[in-house]
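Listed below, chain by chain, are the residues.
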Amino acid sequence: MIQGIPIQCFLIVSTIMFFIGICGFIIRHNLITILMSVELILNSVNINFLVFNKYLFPHQLQGHFFAMIVVAIAASEAAVAIALFINMYRKFNNIEVENINEMKY
Amino acid sequence: MELNQIMFFLLAGLILIFSLLTITSRMILRAAIYLLIVLVATSGLYFMLNFEFIAAIQLTLYAGGIVVLIIFSILLTSHISHKFEQPAVANAFAGILTGILGCGVALWSIMKFPFTPTTQPPLEVNMKQIGMHLLNTGNYGYALPFEVISVLLLAAMIAAIVIAKKGN
Amino acid sequence: MIDYTYTVWIPLIPLFMFLILGLLGMKMKGSLAGIIGSSGLFITTVLSYITAYLYFFKTGEVDGTYQTITAFNTEWLNFTDTLRIHMGVMLDPISVMMLVVVSTVSLMIHIYSLGYMKGEKGFQRFYAFLSFFTFSMLGLVIATNIFQMYIGFELVGISSYILIGFYYEKPPAVAASKKAFIVTRFADLGFLIGILIISFYTKTFDFDKLISSDGSIFSGMNTASFMGVSAITWALLLIFMGCAGKSAMFPFHIWLPDAMEGPTPVSALIHAATMVVAGVYLVARMFIVFHFQVPGALIVVAYIGAFTSLIAAIVACTQFDIKRILAYSTLSQIGYMILALGVSGYGGEEGVGYMASMFHLFTHAMFKALLFLIAGSVIHAVHTNDLREMGNLRKYMPVTFITFVVALLAISGIPPFSGFWSKDEILAAALEHNKLIFYSSVFVAGLTAFYMSRLFFSVFFGKKPHYEHKPQESPLTMTIPLMFLAAVSIFAGFIPFSRFVTTDGKAFETTLNYMIAVPSVLIALIGIGIAYFLYFKESNVPDKISSSLGIFYKTALNKFYFDEMWLFVTKKIIFNLISNPIAWFDRHIVDGAMNGVAWVIEKSSYKIKGLQSGQLQQYAFVFISGSVILVLCFIYWLN
């Protein structure tokens with residue numbers, strides 16, 4: 001509980017950040033920017049976990065641990081994703097998302 | 001206006017502005033730097049919440065690790081001076097529409113929801129507490145997720161090496 | 001008591017031959033296939049002769065009556081308690097006689113084909129299907145129940161179809177095989193309905209129960225009626241429809257002349273001696289039912305037989321294709337058998353018509369097969385079917401010539417050749433029961449003598465056409481069957497048939513009735529005399545006569561326009577009024593509905609396909625906007 005700042009303020013910030021991330025995910029063509037958008041999304045979720053922990057359930061550490069797990073997943077996801085991008089770059093000589101359409105009809 | 005409020009709005013403003021810049025910047029390296037700023041500002045929020053440990057993780061892992069990884073891959077795959085083309089109108093429209101619509105729905109429900117905190121006494125958060133819980137197998141113990149996430153990290157590491165290896 | 005179980009091998013050996021030749025025939029040389037087929041059939045023939053000997057002379061009569069023996073019977077299909085179909089072997093005088101006829105003629109044709117079909121493409125196939133036909137025919141003959149007989153009818157129909165279409169590169173052969181199949185199949189439909197009606201009321205298929213009962217099982221059928229005619233009459237008339245189809249009786253006779261497109265041995269076997277008498281055999285088999293339950297149906301049978309024999313004889317006088325002449329002659333002679341059954345009574349002397357019919361079946365099978373084989377021999381030598389392109393062959397083909405003399409005298413009814421005896425009995429039976437049919441039969445006897453002599457004189461005497469190849473006598477494989485059949489045709493008349501085959505199984509003595517025999521011989525001689533006068537020397541008298549007959553001659557030449565009538569009925573009436581609307585309905589409504597569904601799905605699939613673009617961001621957009629809409633819905637519904 002922080003004096004003078006209601007929980008909604010944090011939530012509004014994280015929500016806007018989340019949807020900016022989604023917006024970026026849909027708009028951008030470069031796979032690395034898309035990955036950055038995903039990081040934004042994960043980060044906003046992290047804020048939510050911690051804020052809920054702080055404001056609503058201060059007697060536990062659940063938010064903490066979930067935030068840590070999310071960070072770990074983000075790290076591993078980034079590692080695998082970047083490995084894939086490098087592989088793709090070798091194949092197409094760029095990393096535009098339009099090139100990945102193997103799942104096409 | 002109190003100091004922590006000023007601090008909060010400063011950090012919130014930084015986060016939002018640089019998030020927007022991250023997804024709109026047409027220079028990819030700049031986008032990565034903007035993302036770094038967002039992540040650092042977020043860790044500032046964590047400091048405000050008195051979560052020093054998680055803030056430190058945020059700084060070291062996110063800002064230090066992931067962003068460095070991203071910049072590294074940018075250097076491998078892109079030309080620094082290369083400017084992106086403007087996104088397609090349909091894509092941009094779809095993305096902005098989804099963003100605004102979803103944002104509106106989420107904000108509306110946040111505003112409507114009555115958040116009621118527990119009445120139990122708060123737990124003091126320090127390194128020792130976190131460590132005890134993290135490796136505890138009893139009540140409020142997180143030994144199992146800890147082990148699972150460590151296996152996941154190992155698997156991701158091996159996968160990254162195998163995928164990025166040349167000549168497969 | 002003699003164990004007849006071995007008779008089951010009589011039909012099974014040809015079946016095995018069919019399987020062996022059909023599956024392995026392409027691997028072996030043609031002559032080997034022919035020898036395998038013929039030797040298999042030889043065993044069958046020997047078994048048939050043994051059976052006949054044992055049946056007539058060893059088991060013999062019990063209380064003066066030949067018994068019906070069920071040598072073998074096994075359940076084949078078991079549908080319900082009442083609907084079971086058996087397969088088996090039934091021996092009684094007529095089936096034993098038919099065994100002998102079928103296996104003898106079939107063996108002769110197998111041997112003959114070794115020479116006649118030599119070097120033909122598909123020789124092995126020919127033998128395989130000959131064996132198959134023999135199997136089907138024997139299975140039909142020994143049927144223990146009416147359903148087995150129906151199966152035999154269908155099997156001989158299909159093998160006839162295959163063998164007529166043996167030269168499947170020739171369009172007329174294909175058309176003829178289709179015509180034969182469709183016409184007989186259509187008639188068999190009536191047979192099947194008749195069977196179903198009978199079995200519905202009597203709850204049985206077995207000939208044993210149908211024939212030997214006192215008629216009580218038909219009591220339900222006499223009371224039940226449809227359109228003012230009792231069920232049993234309907235059933236028997238429908239069964240007779242099947243007989244008429246198979247035996248090429250009016251109005252189903254149109255397929256038989258066309259069937260001559262097949263190889264000549266096939267015509268001899270199937271379309272002269274065996275398959276076409278299946279209908280006669282079936283009527284004889286059901287004779288007791290016909291006679292005691294519905295005498296009216298028998299009168300119909302008699303008139304149809306007489307009518308067919310008359311028109312076929314008239315048409316035969318005008319044709320030029322030698323095989324067609326023989327085909328119409330066959331029609332005419334089968335008409336004789338049918339009318340003899342129609343005028344027959346039951347028991348002892350009364351049943352002379354029945355006996356005469358079977359007798360004529362026997363003798364006719366022999367001399368008609370002989371005639372066809374002679375025709376085949378002639379065609380083999382001169383490479384044409386047309387009577388007008390032949391003549392003066394007696395010098396080139398002495399064996400063929402002499403055997404033809406025998407066959408001519410046999411079919412014309414000149415004593416002591418076999419045809420005389422059987423025809424005489426038929427005339428006697430007809431005289432006793434129906435004067436009109438008697439006179440028509442006598443007239444047909446004269447016509448028969450005339451057209452056969454016309455054929456004889458035209459082929460072996462008359463003009464001396466120029467042959468491109470000098471005609472030669474056929475090889476021994478072909479002449480041996482000719483001589484054998486000729487010998488049988490000479491002596492078969494002396495078999496005392498009335499001692500073996502009678503309506504009630506009791507033997508009786510027949511005496512030669514000179515009141516009938518003398519005029520019939522005289523009229524036959526007159527027929528031969530006219531033919532001699534017209535055709536022995538080349539002359540233009542026949543042309544003058546035919547042109548003076550004008551319209552009548554033209555009608556006969558065109559086979560009384562029966563083909564055209566059928567075409568009119570089928571094409572103009574049935575196709576236009578029934579088939580076309582149904583086809584339209586099927587094409588536009590049924591197919592249209594299905595095609596419409598398919599069209600809608602195809603079009604919508606093309607539209608939907610675009611959704612699977614493979615574009616990650618599109619998926620993300622759809623996923624997220626979908627979730628947002630779901631959330632909106634939840635919020636709306638929950639508040």
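All of the points below concern the structure found in this document.

Analysis parameters
Counting from 1, residues in each chain are numbered in the order their sequence is written. Naming scheme: in the order in which they are written, chains are lettered from A and ligands are numbered from 1. Totals for whole chains, interfaces and linings use all residues, but because this is a predicted model, local features are given only for residues with pLDDT of at least 70 and pairs of side-chain atoms are given and counted only at 80 or more. Values shown for side chains rest on all heavy atoms present in the structure; no hydrogens or waters enter the calculation. Runs of E in the DSSP output that reach at least two residues are strands. Runs of H or I that reach at least four are helices, and both are numbered from the N terminus. Exposure is judged per residue with a 1.4 Å probe applied to protein chains only, and the accessible area is read against the type maximum: over 50% gives exposed, under 20% gives buried, and values in between give partly exposed. The contact criterion used throughout is that any non-hydrogen atoms of two residues lie within 4.5 Å. Put simply, buried area is how much 1.4 Å-probe accessible surface two parts lose in total, over both of them, once they are put together. Any Lys or Arg side-chain nitrogen located within 4 Å of an Asp or Glu carboxyl oxygen qualifies as a salt bridge. Any N or O atom pair separated by 3.5 Å or less is treated as a polar contact, with the protein-specific requirement of one donor-capable and one acceptor-capable atom, and with residues adjacent in sequence counted only for side-chain atom pairs. Polar here means any residue outside two lists: the nonpolar Ala, Val, Leu, Ile, Met, Phe, Trp, Tyr, Cys and Pro, and the charged Asp, Glu, Lys and Arg; Gly therefore counts as polar.

A few words on unusual backbone geometry. Geometrically, the link from Phe-250 of chain C to Pro-251 of chain C is a cis peptide bond, its omega value of 0° lying close to zero. Within the secondary structure, Pro-251 of chain C sits in the loop between helix H9 (231-246) and helix H10 (255-258). Cis rather than trans, the peptide bond between Pro-415 of chain C and Pro-416 of chain C has omega equal to 5°. Considering the arrangement of structural elements, one finds Pro-416 of chain C in the loop between helix H17 (398-412) and helix H18 (418-433). At Asn-50 of chain B, a position not held by glycine, the phi torsion is positive, near 70°. For Asn-50 of chain B, the position within the fold is in the loop between helix H2 (28-48) and helix H3 (52-77). Taking the relative accessible area as the measure of exposure, Asn-50 of chain B reaches 44% and is therefore partly exposed. Of note in this structure, Ala-248 of chain C is not a glycine but carries a positive phi near 55°. Take Ala-248 of chain C: it is sitting in the loop between H9 and H10.

The interface of chain B with chain C comprises eight residues on the first partner and nine residues on the second. Buried surface at the junction of chain B and chain C, summed over both partners, amounts to about 640 Å²; 83% is from carbon and sulfur atoms. When the area that chain B buries against chain C is broken down by residue, the three leading residues are Thr-98, Val-105 and Trp-108 of chain B, summing to 56%. The interface formed by chain B and chain C holds zero salt bridges in total. Linking chain B to chain C there are zero residue pairs in polar contact (both at pLDDT 80 or more). When its residues are assigned to classes, the side of chain B that touches chain C shows four nonpolar, three polar and one charged.

The next thing to look at is the side chain of Ser-344 of chain C. Within the secondary structure, Ser-344 of chain C is located in the loop between helix H15 (322-342) and helix H16 (352-382). Looking at Ser-344 of chain C, the relative accessible area reads 4%, which means it is buried.

As a measure of interface size, the accessible area lost when the parts come together is often cited. On the side of chain A, 68 residues touch chain B, which itself brings 85 residues to the contact. Counting the surface lost from both chain B and chain A, the interface buries some 6900 Å², and carbon and sulfur atoms represent 78% of this. Taken together, the connections running from chain B to chain A amount to zero salt bridges. Counting every contact that joins chain B to chain A gives nine residue pairs in polar contact (both at pLDDT 80 or more). Of all elements in the fold, only helix H1 (3-24), H2, H3, helix H4 (89-112), helix H5 (127-134) and helix H6 (143-164) of chain B reach the threshold of two or more residues within the side of chain B that touches chain A. Residue classes in the side of chain B that touches chain A are distributed as 58 nonpolar, 23 polar and four charged.

This part is about the pattern of salt bridges. Close approach of charged atoms allows side chains of opposite charge to pair. Residue and element names in this part refer to chain C. Applying the stated criterion to the full structure yields seven salt bridges over all chains. Close ionic contact of Glu-169 with Lys-121 constitutes a salt bridge, the shortest N to O distance being 3.0 Å. Here Glu-169 is found in the loop between helix H5 (146-164) and helix H6 (171-202), whereas its partner Lys-121 is found in the loop between helix H3 (93-116) and helix H4 (123-141), with 48 residues between them in sequence. Lys-246 serves as the salt-bridge partner of Asp-188, at 3.4 Å between the closest nitrogen and oxygen. Separated by 58 residues along the polypeptide, Asp-188 in helix H6 and Lys-246 in helix H9 bring together distant segments of the chain. Taking the relative accessible area as the measure of exposure, Asp-188 reaches 1% and is therefore buried. Residue classification places Lys-246 among the buried positions, given a relative accessible area of 0%.

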